[in-house]
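Inside the fold
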Amino acid sequence: IPRSALKVHPIARGTALAALATSAIALAPAALAQGKESGSGVQVFGLLDIGVQALKASGTDTRYFVNSDGNTSSRFGVRGTEDLGGGLKVGFWLESAVSVDDGTSGATSTNNKDSVSGGLTWGRRATVQVSGDWGELRLGRDYVPSFGNLTTSMHPFGTNGVGSSGLMFYPVPANGTTARTNVRASNSIGYFTPSGINGFYGHVMVALGEQGPGPTRKDGDLQGVRVGWRNEVFNTSAAISRTRYATGNYTQSNVGATYQWGPAKLMALWGRNEVGITSTTATMLGTQYQLGPGELRFAYTWLKAKNIASDATHIALGYVYDLSKRTALYGNIARIDNKGPAMRFNVGLAATVPGGNSGGVETGVRHSF
Amino acid sequence: IPRSALKVHPIARGTALAALATSAIALAPAALAQGKESGSGVQVFGLLDIGVQALKASGTDTRYFVNSDGNTSSRFGVRGTEDLGGGLKVGFWLESAVSVDDGTSGATSTNNKDSVSGGLTWGRRATVQVSGDWGELRLGRDYVPSFGNLTTSMHPFGTNGVGSSGLMFYPVPANGTTARTNVRASNSIGYFTPSGINGFYGHVMVALGEQGPGPTRKDGDLQGVRVGWRNEVFNTSAAISRTRYATGNYTQSNVGATYQWGPAKLMALWGRNEVGITSTTATMLGTQYQLGPGELRFAYTWLKAKNIASDATHIALGYVYDLSKRTALYGNIARIDNKGPAMRFNVGLAATVPGGNSGGVETGVRHSF
Amino acid sequence: IPRSALKVHPIARGTALAALATSAIALAPAALAQGKESGSGVQVFGLLDIGVQALKASGTDTRYFVNSDGNTSSRFGVRGTEDLGGGLKVGFWLESAVSVDDGTSGATSTNNKDSVSGGLTWGRRATVQVSGDWGELRLGRDYVPSFGNLTTSMHPFGTNGVGSSGLMFYPVPANGTTARTNVRASNSIGYFTPSGINGFYGHVMVALGEQGPGPTRKDGDLQGVRVGWRNEVFNTSAAISRTRYATGNYTQSNVGATYQWGPAKLMALWGRNEVGITSTTATMLGTQYQLGPGELRFAYTWLKAKNIASDATHIALGYVYDLSKRTALYGNIARIDNKGPAMRFNVGLAATVPGGNSGGVETGVRHSF
């Protein structure tokens, strides 16, 4: 960030035919606060991703969508950190999902069991955290340890678009258990090791469902742990999170590894989701490859299903073109094949023919603030 | 804006007996960012309008309200633009409705058919837009082209208060079709011409309902276009938007014209709403007249109904007094007369007597930030 | 605030393993705007309070919670004031509740009768206010006059945590009346006297339920008044708010007094809640005692119940340790004893045995921005 960025910036106005000429609070961009002065800052932040998508599955017509999140999950939030001195810091983070295509926000779960929606919630993250040389203690609604391996750090596409890791690495509901903790948990207490202890890192979490008395009173209680090691070219991590449900516990376990080989980051990911007596186990090989001003992405995943659904494969190719540090264009194409009689797996539109496939293509723009 | 406005401003605190003495993020007002430096800015913005209202209709008692939006629609939002260089810009806009009287937010529609409410949504607008010399491409939830002629640019009162254009120029639900696209559409792709091509301007939009398979699969799909021409004293525009619904399509078409004649802006607006086999056609003559430090507003509208409701007339008088660029006081008085046996049209309180009238008076304060 | 605080501050980033490296709007902390320059400011503000809690009641197992608001109510908001000159100011305030443990927001009531929830609402406060030498006029959703005496100004614990004044000083629903106006009212018009007229202060409010015609048409209509007097060591105030409900009116009346005696602020509070023919009357004696770098809190309350529930007592002890002006740690322990056969009163977990008790202990961190 050049120092000249510390100047006060004018408001850039969008063309809004119907908009009133109202005055507005103008916030200088991030650069303003990335100078060298010390102190405490607070941020209004976000990222919006919107594009167009065409999906076709066995037995269906092609369907078209104006869709959010083909590349990255859209969000709106407020966060900040206060320096308490002596290396101690306290911070907070409030983050909501945004569907740019229709203006809605995502759901949350108050008890790690039922979904709550209908308006803006800080369902992506709501935490207060205290940190020091000893690491970071974080309370509130946060990502579970085993989600860490499903992001773009270990999967070429992260959890977005038709190449999303979530299509094969998220759990399949079974026997009354719809797990709500494959990404985040509410009522959680988490601890992160300090960054950079000889390359090791770790994250442990306990979370409560806070159900009332009765046989389901432990529903939504979660314990999870993630340990990893990385250096400049290599990164590996293993994690497991277990959530109690009276209708069948949910266990998410995974191991990822990446290796930077010239312009290519080679990526491998193994993950299992157990829901009661069912399980799905997926293995992915892929890459993020620096190509010109952008990044080529490729992933091939095969999944073994037990007591539910059928085996399946997922192949995805994408490209992300950076217009600036804040803005990118992207395109993805992917296909899922259900190998058995089931039709469970798809890229957004389910097949209506046993063992059918599901394919999609999408392009969009991602903009962060 | 004087350059002295670029100084850092103190926090002006409201008198809050029960408020905690918390520290707070202080945002300098809009003036701060309207200096001459170039760059990219982001804004937290809004407008709040609240007042008191008395309504009386044939067969009812007078009712009193503390009410939002007598002059302008209350809103809260975040928006910004990034300059990508070479004349290319990317921007975003997230805007929610606010009911200042009770703290609720407005609804949105994910499929241009059903209403979604219950908390804050960015239902007023949620877009990412890319613009250049060639115009602007906008994706997300946005105003439909035919809404442009119902605002204060073509109607003295815009769509707010007892004089609102919406009372006569919005559609009447019929035969199961409740149109959700008379103002905005979700899942839209819009294109705006650059401003100032010999005075011509235009806006085209396609939007998707994204329904599942079946006979209603195209419900909520919209196409719209608006073309206009303006110079320093004259402005005219025609628009049409058509939305598919299995229960009867909805077409909104209108033509507006204004002429600045000394202190008076003379305004004329014609508009038709077709819902299936029904239609309502309204014609308005009115003015926004600069009078002292404020603006006098007058509008007279007559409506012809076909296969639904009855003919009606609407007469409205108002005054807006500017306390500053950001703040205004206003007062409105209006009356609607249903000409046939129906009781459909009203200023907020329906008559309970066939062919009855409905009248209202309101005063309030509008404040933007 | 030292002048050096007016410098631009860097962003302090939390450790977020899964977070994207997005740019962000950086807002300088409050200090930035507390310089001496005059002008108009707008703030994004908030407070987050989260901790752990253990509750045990007669006949129940001990239950554990990760819980918000043990010390202070969590919130997120936007507020500002514009100086119109001549001593006249206009301001606005939008404030939402936040449950830090799960990311949800609190409810509001549009008619002072029914609760509305499901996403972010500005249910804590949504107002536009105009102020001058003559006091302040405030319109919208705001605190009722009789709530003023239940805050930390008159009760050691205010309305939060296991020591909350709300446990004994809030109404008990009866005969179909669930009062929604013991804290705030929507559709309100309030007037506050200027601060510092010989130590006297006052607040009057009228609010409307805005129900439709019929026997419940006045439901939610409220009138309230609060008058008080204070000097440097003494503060006393009396208030009454009355709300109409067809199923039984609700009247909240109370008197509080505090006296600063060395390090101890001695506090006394009397309050009555009448719901139809029922009533509960509570009396509290307590203190906020400066002890080391923090504040010791103690309160003992006894309650008399009439035609509903049973008599009860509430004893609470707490400590608040300030890490900085923005951040504090706290701990509370409290117990409620139901004196008759009822089980109505509790600190968050009701007894399941007639006349049982309910106890809780909690510790947490409060952080404001």
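Residues numbered from 1 in each chain as written. Chains lettered and ligands numbered in written order. Predicted model: local features only at pLDDT ≥ 70, side-chain atom pairs only at ≥ 80, totals over all residues. Heavy atoms only, no water.

Residues and elements named next belong to chain B. A cluster of nonpolar side chains, Leu285, Phe298, Tyr300, Trp302, Ile315, Leu317, Ile333 and Val361, forms an exposed patch at the surface whose accessible area comes to about 670 Å². Elements supplying a minimum of two residues to the nonpolar patch: strand 15 (294-306) and strand 16 (312-322). A per-element tally of the nonpolar patch places strand 15 first, with 3 residues. (Patch = residues over 30% accessible without salt bridge, like charges linked within 9 Å, V, L, I, M, F, W, Y side chains within 5 Å. Areas by Shrake-Rupley, 256 points an atom, 1.4 Å probe, with all protein chains shown as cover. Salt bridge = Lys/Arg side-chain N within 4 Å of Asp/Glu carboxyl O. Helix = DSSP H or I, 4+ residues; strand = E, 2+ residues; numbered from the N terminus.)

So, about the environment of Ala179(B). All names here are of chain B. Counting through the fold element by element, Ala179 comes out in the loop between helix 1 (166-169) and strand 8 (184-192). In the structure, Ala179 is positioned 72 residues away from Thr251 in sequence and 9.3 Å away in space, judged by C-alpha atoms. Leave out the neighbours within four places in its chain, and Ala179 touches Pro171, Tyr245 and Tyr250. (Contact = heavy atoms within 4.5 Å.)

For the rest of this paragraph, the subject is empty space enclosed by the protein. It is the rolling of a water-molecule-sized probe over the atoms that shows where space remains empty. All names here are of chain B. Evaluated as defined, the whole model comprises 2 cavities of 30 Å³ or more. Each pocket or cavity is described by its volume, and for the second largest cavity that value is around 30 Å³. Around the second largest cavity, the lining residues are Gly51, Val52, Asn67, Ser68, Gly70, Tyr330, Glu362 and Thr363. Mapped by element, the contributors of at least two residues to the lining of the second largest cavity are strand 2 (41-57), strand 3 (63-68) and strand 18 (357-368). Its residues placed into classes, the lining of the second largest cavity shows 2 nonpolar, 5 polar and 1 charged. (1 Å grid on protein atoms, 1.4 Å probe; cavity = no way out; pocket = protein on both sides within 12 Å on 5 of 7 lines; lining within 4 Å. Points joined across faces, edges and corners; volume = space filled by probe spheres on them. Nonpolar A, V, L, I, M, F, W, Y, C, P; charged D, E, K, R; others polar.)

Turning next to the pairing of strand 10 (residues 222-230) of chain C. All names here are of chain C. Sheet topology note: the strand 9 (residues 200-207)/strand 10 ladder contains 8 bridges and is antiparallel. Of the residues in strand 10, the one forming a bridge with Met205 is Gly224. From the end of strand 10 to the start of strand 11 (residues 234-243), which pair antiparallel, there are 3 residues. (Pairing = 2+ DSSP bridges.)

What follows concerns the side chain of Arg79(B). Within the secondary structure, Arg79(B) is located in strand 4 (residues 75-85). For Arg79(B), which is buried and forms no salt bridge, the nearest opposite charge comes from Glu95(B), at a distance of 5.5 Å. (Buried < 20%, exposed > 50% of the residue type's maximum accessible area, 1.4 Å probe, protein only. Lys, Arg positive; Asp, Glu negative; His and termini not counted.)

Here the focus is the environment of Ser310(B). All names here are of chain B. When you line up the elements, Ser310 lands in the loop between strand 15 and strand 16. Sequence-wise, Ser310 and Ala342 are 32 residues apart; in three dimensions their C-alpha atoms are separated by 5.3 Å. With residues up to four places along the chain from it excluded, the contact list for Ser310 reads Leu303, Ala305, Gly340, Pro341, Ala342 and Phe345. For Ser310, the side chain forms a polar contact with the main-chain nitrogen of Ala342, separated by 2.9 Å. (Polar contact = N/O pair within 3.5 Å; in protein donor to acceptor, adjacent residues only side chain to side chain.)

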